[in-house]
2 protein chains.
Amino acid sequence: MNLPPLIQSFVLHFGEMGSHWGINRTVGQIYALLYVSDKPLNADDIVEAIGCSRSNTSMALKELQAWRLVKLQHLPGDRREYFSTPDDVWAIFKTLAEERQKREVEPTLTMLRGAIMETPSGDAERHAQARMNEMYQLIELVTKWFADIRDMDVDTLQKLMKLGSQVQKVLQFTQSIGRLTGRDSNRNADAEA
Amino acid sequence: MNLPPLIQSFVLHFGEMGSHWGINRTVGQIYALLYVSDKPLNADDIVEAIGCSRSNTSMALKELQAWRLVKLQHLPGDRREYFSTPDDVWAIFKTLAEERQKREVEPTLTMLRGAIMETPSGDAERHAQARMNEMYQLIELVTKWFADIRDMDVDTLQKLMKLGSQVQKVLQFTQSIGRLTGRDSNRNADAEA
DNA sequence: TCCAGTTTTCAGTAATTTCTGAAAGTTTGA
DNA sequence: TCAAACTTTCAGAAATTACTGAAAACTGGA
């Protein structure tokens, strides 16, 4: 690896972090490299920069594409494939959240739904089911809520972000004048009536 | 492994999921088992239920304790250690978020701060720094915001949760009557003045 | 202090994951 | 339709991670 030290430490850090996140080192490194690069890179550029094999690079890029984290493009008069990351960091964050939702959260919810449907035999199973239901409710709630945020336009989001720790105050305020908003603050409660 | 099918599928699923989350299968399985168990379990109970070695169980419990995800307790007249998970699913979620913050987010922020401080030499490094700064800002913002939510009391949180997709509406409403709340909606903006 | 019951450590082994080089596959333009 | 330029696949090697059994280390009572 032969990169400016500043970029190198970033790339190496993402490589390490990868393992905490279930992605492998090369994938993390390549992503980091593309993220900070000021121009799209082709596979050989990456091999040169990271110091891994050509085939490994190919695999890693395939995985990054499956995660929709890199864009593939072609430069005029060059047959090679060039890769880059989207510019908008918020869009990147959204993509990551959507993919994890699809790969990890959905299967878990499906499993939980299945288990909750079963007829329990005995107290232990009844208790287990109740616990699974608690987990199911929490995941669904957080997921829904997160999806709302994820799908906000950047502008609204920026405002909400800047609100910071005021979210709680805003909420309390909203509650206290609840009727004015059309009693919507209870919209997702179990019983609409 | 010899468990009711309902519990078994839950335990196995968490084992599989572990790998997506950088924890190993046994740790995931043991956590799941404790989560649905209606009483605290000792290490031998776990060995019996999961079918792993005693030493592996010991290691896994140590790791779960390091993550603050299991409670250790003693039963009167029994020298063995019994383990269980906290009852409150929200508290569990909070703990997980705090630990990940500490282990993954903080080191990344530190690395980014370091890189951003460096004097860039050349355009590539300058661009890389700008990108790192974008990432830094996003992580800090999301982190702060998440911490606010994390630290809410359960009651407020429940209300906010039930708000669901109304968060956006509430925000817009709040903005439009901004002055009434004391102009706090800008509190975390760059310039306080 | 010693002992029985219990947990932890650790070195070696097993399993899994990652990585590589060689070969096969694809695409484009002449 | 061929060849050059480039990408992907894949079987095996290398590296890493997980797991085990045996032994060591605790711990609390007699």
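Not measured: the values here are computed from a predicted model.

Another point: the packing of aromatic side chains. Residues and elements named next belong to chain A. Taken as a whole and assessed by the stated rule, the structure comprises 8 aromatic pairs over all chains. Taking 4.9 Å as the distance between ring centres and 40 degrees as the angle between the ring planes, the aromatic pair formed by phenylalanine 10 and phenylalanine 14 counts as tilted. Here phenylalanine 10 pairs with phenylalanine 14, and both are found in helix H1 (residues 5–20), just 4 residues apart, close to one helical turn. Exposure remark for phenylalanine 14: the relative accessible area of 17% places this residue in the buried category.

Further remarks concern the sheet that holds strand E1 (residues 41–42) of chain A. Pairing between the strands of a sheet comes from backbone hydrogen bonds, and it takes one of two forms, parallel or antiparallel. Residues and elements named next belong to chain A. Read from one edge to the other, the open sheet built from 3 strands follows the order E1-E3-E2, with strand pairing classed as antiparallel. Bordering the open sheet on either side are E1 and strand E2 (71–74), each of which pairs with just one other strand. Sheet topology places E2 next to strand E3 (residues 81–84); 4 bridges connect them, and they run antiparallel. The partner of glutamine 73 across the bridge, within E3, is tyrosine 82.

Tracing the backbone shows tyrosine 31 of chain A in helix H2 (residues 25–36). The sequence separation of tyrosine 31 of chain A and phenylalanine 14 of chain A amounts to 17 residues, and the corresponding C-alpha distance is 8.0 Å.

Turning our attention to the pattern of salt bridges. Residue and element names in this part refer to chain A. Applying the stated rule across the entire model yields 18 salt bridges over all chains. When the shortest N-O distance is used, the salt bridge between glutamate 99 and arginine 103 registers 3.0 Å. One end of the pair is glutamate 99 and the other is arginine 103, both in helix H5 (residues 89–117) and 4 residues apart, which spans about a single turn. Owing to a relative accessible area of 29%, arginine 103 belongs among the partly exposed residues under this scheme. Taken together, the shared-partner salt bridges connect Arg68, Glu98, Glu99, Lys102 and Arg103 into one network.

It is worth spelling out the protein's contact with DNA strand C at this point. Around DNA strand C, a shell composed of 16 residues is seen, among which Ser53, Ser55 and Arg79 of chain A together with Arg54 and Lys62 of chain B lie nearest. Protein-proximal atoms of DNA strand C, defined as those within 4 Å of the protein, fall in sugar or phosphate at a share of 65%. One of the side-chain N or O atoms of arginine 79 of chain A is found 2.8 Å from a base oxygen in DNA strand C. A distance of 3.1 Å separates a phosphate oxygen of DNA strand C from a polar atom in the backbone of glutamate 81 of chain B.

Reading the values: the criteria
- Residues numbered from 1 in each chain as written.
- Chains lettered and ligands numbered in written order.
- Predicted model: local features only at pLDDT ≥ 70, side-chain atom pairs only at ≥ 80, totals over all residues.
- Heavy atoms only, no water.
- Phe/Tyr/Trp six-rings, centres within 6.5 Å; stacked < 30°, edge-to-face > 60°.
- Helix = DSSP H or I, 4+ residues; strand = E, 2+ residues; numbered from the N terminus.
- Buried < 20%, exposed > 50% of the residue type's maximum accessible area, 1.4 Å probe, protein only.
- Pairing = 2+ DSSP bridges.
- Salt bridge = Lys/Arg side-chain N within 4 Å of Asp/Glu carboxyl O.
- Near = heavy atom within 4 Å.
- Polar contact = N/O pair within 3.5 Å; in protein donor to acceptor, adjacent residues only side chain to side chain.

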